[in-house]
Amino acid sequence: MDFAKLNIYCKHFCDLTPEKEQLIKVVGQDMMPYLSPITDAFYAHLMEIEEAQFFIEGKVEALKKTHLEWLTSLFTHEFDNDFAAHLYHVGDVHVRIKLPADFMTGAAVYLQDKLVHVAVYLYSKEPSKLLQVLQALNSVMGYNLQVMQLSYQESMVTAELSRFLSVTGISHKLFANMVAAYNKKST
């Protein structure tokens, strides 16, 4: 995976500009005290969703710790190629545990809602700043979701291909040669 290319693509697609990245870091100091309560609320919410029980049962405290680290990273880390690689890996881990992709989308929407509430609470007396913060949060959350979901797509295709090759008995090398021949003939 070319993480530099992926990073540029996702930033561009989600309009995550250098100005928004900088603003997120600046407001991060104000947002930090609210991140742990957001994580607690998120896991309380997940525990109410029957389909989520399998994935969190007996692991809530460990998952909260990991989740809070990720949420904090949104306000502290550079959105560079290494961060894109990390998010991609997170998506891959979610695929390996067979977490449905819609869980990630639902989680992103839930968390964005909570972050918006905090931003409105903090900056409602500064409408111009509030608008900029909301736009930056939207871009950051979109970027994170997009990178992780692209990982999902790649991982799922790879897993399906492996199952197909296993069932059919076709080797990876033979399949690669067939694809190359098909691509050559198509051009």
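For the structure given in this document, a descriptive report is provided here. All of these numbers come straight from a predicted model, not from anything done at the bench. (Residues numbered from 1 in each chain as written. Predicted model: local features only at pLDDT ≥ 70, side-chain atom pairs only at ≥ 80, totals over all residues. Heavy atoms only, no water.)

1. Re the packing of helix 2 (residues 18–47) against helix 6 (residues 101–123)
Where helix 2 meets helix 6, the closest approach of the two axes is 10 Å, and the angle between their N-to-C directions is 140°. Accordingly, the angle class assigned to the pair helix 2 and helix 6 is oblique. The way helix 2 lies across helix 6 gives a crossing that is right-handed. The segment helix 2 lies against helix 6, with V27, D30, M31, Y34, L35, I38, A41, F42 and H45 engaging A107, Y110, L111, K114, L115, V118, A119, Y121, L122 and Y123. Its residues assigned to classes, the contact of helix 2 with helix 6 shows 16 nonpolar, one polar and two charged. (Axes fitted to C-alpha atoms, helices over the stretch in contact; angles between N-to-C directions. Helix = DSSP H or I, 4+ residues; strand = E, 2+ residues; numbered from the N terminus. Parallel < 35°, antiparallel > 145°, perpendicular 65-115°, else oblique. Left-handed = near helix turned anticlockwise from the far one by under 90°. Contact = heavy atoms within 4.5 Å. Nonpolar A, V, L, I, M, F, W, Y, C, P; charged D, E, K, R; others polar.)

2. A look at unusual backbone geometry
Non-glycine residue D15 carries a positive phi angle of around 55°. Counting through the fold element by element, D15 comes out in the loop between helix 1 (3–13) and helix 2. By relative accessible area, D15 is classed as partly exposed at 41%. At K98, a residue that is not glycine, the phi angle is positive and equals roughly 65°. (Buried < 20%, exposed > 50% of the residue type's maximum accessible area, 1.4 Å probe, protein only.)

3. Quick notes on the nonpolar core
Counting residues in hydrophobic clusters, the biggest one holds 48 residues, and the most contacted among them are W70, L74, F75, L115, L137 and Y143. Ranked by the residues each element gives to this core, the list is headed by helix 7 (residues 127–168), at 11 residues. Leaving out residues up to four positions away in the same chain, L137 has contacts with I24, M31, F75, L115, V116 and A119. (Core = buried A, V, L, I, M, F, W, Y, C linked by side-chain atoms within 4.5 Å.)

4. Details of the pattern of salt bridges
Enumeration according to the criterion identifies seven salt bridges in this entry. The closest approach of N and O atoms between D92 and R96, which form a salt bridge, is 3.1 Å. Linking D92 with R96, this pair stays in helix 5 (residues 81–96), spanning four residues, or about one helical turn. Close ionic contact of D113 with K114 constitutes a salt bridge, the shortest N to O distance being 3.9 Å. Within this structure, D40, E61 and K64 form a network of salt bridges that share partners. (Salt bridge = Lys/Arg side-chain N within 4 Å of Asp/Glu carboxyl O.)

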